[in-house]
Amino acid sequence: MLLRLPTSVSEAQECLAEGAVPIGGATLLWATWQRDGFPATAMSLREVPEANVLERTTVGGAVVLHRIDDRVPDALRLAAAQVGTGAVRRSATVGGNLVGSTLRCLLPAAIVLDARATVLEGDGVHETDLSEVVAKRPVLLSLRWREPVASTFFKLAGEAGGSPPLVVAAAVHAGDDGNHSLRVAVRDGYDVLSGTAMCAADAAQTLHALRGTELIDLSSAAWDVVRSKVAALL
């Protein structure tokens, strides 16, 4: 297998056009390749500047998870810190987790940050929303968001080989009108549900408003976790 390391977005686009398979740390691909055979050519974005940015409101798709620190909001920092083992986090990338994984542990955090994605496809670079990233699995160059007032992330302990553990992410955002809104995303099994409500005078009112969103379909156990995490954030 030939690994190509483009140093610009235009060069990466050429690699895609020539059939190179995008990889990050290949933590999710190696076992499959050993079983089914390796591609002739692969491509990593680790030398592309746009895919390696790490700032308060932006993270590149090629950034490995162990690099994610307090430069980013707590929701994303805590999410990255709880993916796999230390060895996995030193290899796994943001793009690999959001695009290549079925668990997508970073997705609830990205949703509550209201992140937008910059992606690379055969016809060029585009900005899109997270739903399209999940559905089409493009090459992720970066995520960008507006900094929240506060955010948090919680992941239940899981059992090896068991069902995906419950994940709850939440963030408070300030609006241009001075009002605040709360955005919550929950991974319950493999499904990710989310909802947004205006922050009321007390947490109970805000939680009641959230029950009117798609979060109404959460199990009672999942809702108990949401209630406790939202109350602590507010």
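Placed above this text is the structure.
So, a few notes on the structure that sits alongside this text. (Residues numbered from 1 in each chain as written. Predicted model: local features only at pLDDT ≥ 70, side-chain atom pairs only at ≥ 80, totals over all residues. Heavy atoms only, no water.)

1. Thoughts on the overall build of the protein chain
Okay, step 1: Tallying secondary structure elements over the protein chain gives nine helices and 12 strands in all.
Okay, step 2: By the compact-globule yardstick of 17 Å for 234 residues, the protein chain fits well, its C-alpha radius of gyration being 18 Å.
Okay, step 3: Seen along its three principal axes, the alpha-carbon backbone of the protein chain occupies a region of about 60 × 40 × 30 Å.
Okay, step 4: Of all 234 residues assigned to the protein chain, the portion counted as buried reaches 44%.
Okay, step 5: In the protein chain, once contacts between residues fewer than 6 apart in sequence are set aside, the share between residues at least 24 apart is 52%.
Okay, step 6: On the protein chain, roughly 11300 Å² of surface is accessible, and the fraction owed to carbon and sulfur atoms is 50%.
Okay, step 7: Counting 21 positive and 26 negative side-chain charges, the protein chain places the centres of these two groups 6 Å from one another. (Helix = DSSP H or I, 4+ residues; strand = E, 2+ residues; numbered from the N terminus. Rg over C-alpha atoms; globule rule 2.2 N^0.38 Å. Buried < 20%, exposed > 50% of the residue type's maximum accessible area, 1.4 Å probe, protein only. Contact = heavy atoms within 4.5 Å. Areas by Shrake-Rupley, 256 points an atom, 1.4 Å probe, with all protein chains shown as cover. Lys, Arg positive; Asp, Glu negative; His and termini not counted. Charge placed at Lys NZ, Arg CZ, Asp CG, Glu CD.)

2. Some details on the nonpolar core
Okay, step 1: Grouped together as the largest cluster of nonpolar side chains are 36 residues, with contacts concentrated most on Val 59, Val 94, Leu 106 and Leu 143.
Okay, step 2: Of all the secondary structure elements, the ones that give two or more residues to this core are α3 (74-81), α5 (94-100), α6 (107-112), β6 (116-121), α7 (130-136), β8 (139-144) and β10 (167-174).
Okay, step 3: Per-element tally for this core: the top contributor is α6, with five residues.
Okay, step 4: Setting aside residues no more than four positions away along its own chain, Val 94 makes contact with Val 59, Gly 60, Gly 61, Val 63, Leu 65, Ile 68, Leu 106, Leu 140 and Leu 143.
Okay, step 5: The next biggest cluster of nonpolar side chains, apart from the first, holds 19 residues, and it includes Leu 166, Ala 170, Val 225 and Val 230. (Core = buried A, V, L, I, M, F, W, Y, C linked by side-chain atoms within 4.5 Å.)

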